[in-house]
Amino acid sequence: MDPAVLSRQLDPRELGRHAGELGRPPLDAANDPEEARITANIEGRIQDAAARFGELRRQAQSDFEQTEEFSRYGPVDIHASRARAEAELDGIRQTRRLALHEASFERTKRKEDLADFRQRNRLRREPSYPTGLKKTFMWALAFGVLGIEALLNGSFLAVGQETGLVGGVSVAVVVALLNVLPAFWLFGPFSRHLHHVNVWWQALALLLVATYGALLLVLNLAVAHYRELSGALAANIESEVVDRMLTDPFGLVDAQSWLLFGMGLFFSLIAFADGYKLDDAYPEYGKRHLAMIQARERYERKVEEVAEEMGQAKSRSLDEIKRIVFDFKRAPAERARIAKRVGELIAAFDHHAESLNEVGQMLVRDYRAANREARPDSGIPACHARPWGLLVPEIDRSLYQNSAPTLESAPMEQAFQQAHEAILGRHEEVCTELFEPGRTRAAGRPIPAGADADPTQELPVGSRLSAP
């Protein structure tokens, strides 16, 4: 508080001069309203200071009581925290064990199934099949081929149609479905059995591929003949197409009919190759390998989730026992600091009250002097004859006494060490039981034992996981 600034704000001389010129207050007045404006400002400031002192004192009281609680900490508190930590880790073990067991069983089952499949089919290579964006692109390619063929064929088959382009496109959609979808979903995927170890499967696949080739020629030649006959506005087109296919199937005379025939073969063969490449060249190999990869991913996600949960439980427990020891050790010094702070707070309040009293007396003195000089009667009002003094509110001036006993820190250190080792030991015990003994990741996350024996460590390009 700067007295000069306060004096400029209240301006007691101008206030006193103005009141004196008007003859206020009267000589027999018991109080002076103008002077009361000055003193009310000073009294308000001391009331604000007392309220602020009360807030700081209550905060200091709360802090002091808390440090007394810290001083009463003992080994029993650390033991209780240790028991809670061990119970939490045991709870995780009980609640997560079944889910981990199921994921581990599924992973092992898929792994053994793949190994058995490789042995039975004499496979020595790793599978190769599309994943992710590449697989999505191949599906999009199949449906893209279907749409493109339908549109292009529609323009050719519109010739001779009573409904024009719409009718041609309708026929073309049916032709495209017959030309593309069986090749993509049936013939292409089944042709992988040509590589099967069983000769009967090879023979069946060869027969099916030959059937596909024959159907491909028949369908597209029939469509080309249909286009020529519809363009010539022939009657009984269906019968004419059958006759031509039986007598002279390759007797197409229109270049556009040959182009339609070639396009049909081209798009169907693209769909056939796309369906073939959707999985590994050996039937079922890619599917089984992908199932194994997904089972391993699910298991590793479960492992990481449980490991993270246990790590958080361990960290919280260790932080808790560290905090107990830290608070116990710092409590005496903290109590002394708080007691000193309270003493300084009382001294600061007293100094502030004394300063306000001095400033208030100075302002009142200036006001009364200016009032007396400006009064026409040169008299002194009765209320100005009484001296003014600041009324200071009562505050709590008691100093703190330490009621908490001072305990030795050696038992706390010993209890902390025991709890620390017990929590780490229980954490390791639960990890060993849940994640199989003997192996941990470089980053500290557990992984199953025996991962090095996995015969499918080298994953195909595009697979989301890398080998353990």
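Procedures and definitions
Residues numbered from 1 in each chain as written. Predicted model: local features only at pLDDT ≥ 70, side-chain atom pairs only at ≥ 80, totals over all residues. Heavy atoms only, no water. Core = buried A, V, L, I, M, F, W, Y, C linked by side-chain atoms within 4.5 Å. Buried < 20%, exposed > 50% of the residue type's maximum accessible area, 1.4 Å probe, protein only. Helix = DSSP H or I, 4+ residues; strand = E, 2+ residues; numbered from the N terminus. Contact = heavy atoms within 4.5 Å. Axes fitted to C-alpha atoms, helices over the stretch in contact; angles between N-to-C directions. Parallel < 35°, antiparallel > 145°, perpendicular 65-115°, else oblique. Nonpolar A, V, L, I, M, F, W, Y, C, P; charged D, E, K, R; others polar. Phe/Tyr/Trp six-rings, centres within 6.5 Å; stacked < 30°, edge-to-face > 60°. Lys NZ or Arg CZ within 6 Å of the ring centre and 35° of its normal. Polar contact = N/O pair within 3.5 Å; in protein donor to acceptor, adjacent residues only side chain to side chain. Expected span 1.5 Å × (residues − 1). Bend = angle between axes of the 7 residues up to and from the residue. Salt bridge = Lys/Arg side-chain N within 4 Å of Asp/Glu carboxyl O.

Participant: I would appreciate a short explanation of the nonpolar core in the present structure.
Facilitator: Across soluble globular proteins, nonpolar side chains have a tendency to be buried as a group. Judged by nonpolar contacts, the single largest core of 29 residues is most densely connected at Tyr 212 and Phe 261. Ranked by residues supplied to this core, first place goes to helix 9 (residues 255-277) with 7 residues. Setting aside residues up to four positions removed in sequence, Tyr 212 forms contacts with Ala 183, Phe 187, Ser 268, Leu 269 and Phe 272. Listed in part, the 26 residues of the second largest apolar core include Leu 345, Ile 346, Leu 363 and Ile 395.

Participant: I'm lost on unusual backbone geometry in this one. Help?
Facilitator: For residues other than glycine, phi is negative in most cases, and the peptide bonds are mostly trans. Of note, the bond from Arg 24 into Pro 25 is cis; its omega dihedral lies within 30 degrees of zero at -5°. By the element assignment, Pro 25 lies in the loop between helix 2 (12-21) and helix 3 (33-71). In this structure, Arg 122 takes a positive phi of about 55° despite not being glycine. Counting through the fold element by element, Arg 122 comes out in the loop between helix 4 (75-120) and helix 5 (132-157). On the basis of relative accessibility, which here comes to 58%, the residue Arg 122 falls in the exposed class. A positive phi angle is found at Ser 378, which is not glycine, with a value near 55°.

Participant: I tried to follow the packing of helix 10 (residues 285-374) against helix 11 (residues 410-435) on my own but got confused; where do I start?
Facilitator: If you want to describe how two helices pack, look at the angle between their axes and the distance between the axes. Where helix 10 meets helix 11, the closest approach of the two axes is 10 Å, and the angle between their N-to-C directions is 175°. Taken together, the axes of helix 10 and helix 11 are roughly antiparallel relative to one another. Of the residues belonging to the contact of helix 10 with helix 11, the class tally is 19 nonpolar, 4 polar and 4 charged.

Participant: Got a minute to help me understand the packing of aromatic side chains in this structure?
Facilitator: Ring pairs (aromatic) are described by centroid distance and by the angle formed between their planes. Taken as a whole and judged by the stated rule, the model has 14 aromatic pairs. Summarising the aromatic geometry, the rings of Trp 258 and Phe 261 are spaced 5.9 Å apart at their centres and angled 80° between planes, so their arrangement reads as edge-to-face. Of this pair, Trp 258 and Phe 261 both sit in helix 9, 3 residues apart, which is roughly one turn of the helix. Geometry around Tyr 299 places Arg 107 over its ring, the cationic atom sitting 4.4 Å from the centre.

Participant: Explanation requested: the environment of Gln 61 in the structure shown.
Facilitator: Here Gln 61 lies in helix 3. Taking the C-alpha atoms as reference points, Gln 61 and Tyr 400, separated by 339 residues in sequence, lie 8.5 Å from one another. Of the polar contacts made by the side chain of Gln 61, one reaches the side chain of Glu 65; its length is 2.9 Å.

Participant: What is the right way to look at the packing of helix 3 against helix 10 in this model?
Facilitator: With their axes 9 Å apart at the nearest point, helix 3 and helix 10 run at an angle of 175° to one another. Considered as vectors, helix 3 and helix 10 are oriented roughly antiparallel to each other.

Participant: Explain helix 10 to me, please; I cannot follow it from the model alone.
Facilitator: An ideal rise of 1.5 Å per residue puts 134 Å on 90 residues; helix 10 reaches only 113 Å between its terminal C-alpha atoms. Of all the bends in helix 10, the largest measures some 50° and sits at Ala 331, one to four residues before the proline Pro 332.

Participant: How do you make sense of the pattern of salt bridges when you look at a structure like this?
Facilitator: Between side chains of opposite charge, pairing is possible as soon as their charged atoms come close. Per the counting criterion, the structure on display carries 32 salt bridges. In this structure, Arg 426 and Glu 429 form a salt bridge, with 3.5 Å as the shortest nitrogen-oxygen distance. Of the two residues, Arg 426 and Glu 429 are both situated in helix 11; the distance of 3 residues between them amounts to about one turn of the helix. Through salt bridges that share partners, Arg 82, Glu 86, Asp 90, Arg 93, Arg 97, Arg 426, Glu 429 and Glu 433 make up one connected network.

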